[in-house]
Amino acid sequence: MKNSLLTIYRVFSKHITIVAIASIAFSACDDDTQPADPYQYYPLTIGHYLVYEVNQEVYSTGQAAPVVTKWQEKDEVDRIVSDSAGIVTYVIARSTRNSPTDYWQKVKEFAVHKYPDKLLTNVDNQPFLSLTFPINSRTTWNGNSYNNLDKQESYYEPGFSSVKIGDQSFDNVLTVVERKDTSIINRYVTIKQYGPGVGLISDDQTNFEFCQNDECIGSGKVESGSHKSRKIIEFGNR
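Residues numbered from 1 in each chain as written. Predicted model: local features only at pLDDT ≥ 70, side-chain atom pairs only at ≥ 80, totals over all residues. Heavy atoms only, no water.

If you had to explain the packing of aromatic side chains to someone new, which residues and values would you point to?
Within this structure, the stated rule accounts for 7 aromatic pairs. Aromatic pair Tyr 59 and Phe 208: ring centres 5.3 Å apart, planes at 80°, arrangement edge-to-face. Placement of Tyr 59 in strand β1 (residues 48-59) and of Phe 208 in strand β12 (residues 199-210) is noted, with a sequence separation of 149 residues between them. When its relative accessible area of 21% is taken as the criterion, Tyr 59 is described as partly exposed. Classification of Phe 208 by relative accessible area gives buried; the value is 12%. In textbook terms, an aromatic cluster arises when at least three aromatic residues are bridged by ring pairs, as seen for Tyr 59, Phe 208 and Phe 210. (Phe/Tyr/Trp six-rings, centres within 6.5 Å; stacked < 30°, edge-to-face > 60°. Helix = DSSP H or I, 4+ residues; strand = E, 2+ residues; numbered from the N terminus. Buried < 20%, exposed > 50% of the residue type's maximum accessible area, 1.4 Å probe, protein only.)

Here it is in structure tokens:
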């Protein structure tokens, strides 16, 4: 009887050990590990700047090819303002130039409101819910919940990735799908990527209306719309 109980105990212990190891392995593969400081994906220190290469293609009905334009943009944290409620607002100055040899021309300012659980970006008097915390791929939110535009479901892609843009490599990149509406007649997709200690490193926006005539519906031929991409080429602190 004693030997039988000892055998049962050993078998039971073996199964418990296997389950424990599997649980540890599963936890190690958990893609929802919250960064120690989620705000590292949107640095807001005064003087922090990001420079982007911007490419835009505009499609119009009746035109065989899109109109392509290229330029550079720079976003720089200019100043900080606090209200009576303690909400901190960071004012970002945006400048543009047509080529690296041109002077920067300031074109606008926009605001980023920092809350304990979210970041709101206010561009052209339209507030957008850019990021929510904690970071979790099971979380979804309406990016237009603070404005009057149609609902726009946003979410984090699972895990953190390594991304190479030009000659620069970024680890632990956070990917946000701000919009993903696709059908046989249109495609509206916006995907942004954020690097820790850097901020927004890429922004890809597609707004296509496809051909809907009997002879071309379903072909994916773009009738009208635009595709715009912003990719980081430089960042730092002034």
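There is more to say after this.
Quick one: what's the story with the pattern of salt bridges, residue by residue and with numbers?
Here the structure, examined in full by the defined rule, presents 14 salt bridges. When the shortest N-O distance is used, the salt bridge between Arg 238 and Glu 76 registers 2.3 Å. Separated by 162 residues along the polypeptide, Arg 238 in the segment after β13 (222-237) and Glu 76 in strand β2 (residues 67-82) bring together distant segments of the chain. Here Glu 76 falls in the buried class, since its relative accessible area comes to 12%. What emerges from the salt-bridge pattern is a single network uniting Glu 73, Asp 75, Arg 94, Asp 203 and Arg 230. (Salt bridge = Lys/Arg side-chain N within 4 Å of Asp/Glu carboxyl O.)

Got a sec to walk through the environment of Ser 229? Specific residues and values, please.
The topology assignment puts Ser 229 in strand β13. For the pair formed by Ser 229 and Thr 206, sequence separation is 23 residues and the distance between their alpha carbons is 8.6 Å. Setting aside anything within four residues of it in sequence, one finds Ser 229 in contact with Glu 53, Val 54, Asn 55, Asp 203 and Asp 204. (Contact = heavy atoms within 4.5 Å.)

Give a detailed account of unusual backbone geometry, specifying residues and quantitative values.
Here the residue pair Phe 133 and Pro 134 is connected by a cis peptide bond, since its omega of 5° sits within 30 degrees of zero. Relative to the helices and strands, Pro 134 resides in the loop between β6 (126-132) and β7 (140-142). For Asp 124, which is not glycine, the phi torsion reads 55° and is therefore positive. Position of Asp 124 relative to the elements: it lies in the loop between β5 (118-123) and β6. Among the residues examined, Asp 124 registers a relative accessible area of 53% and is labelled exposed.

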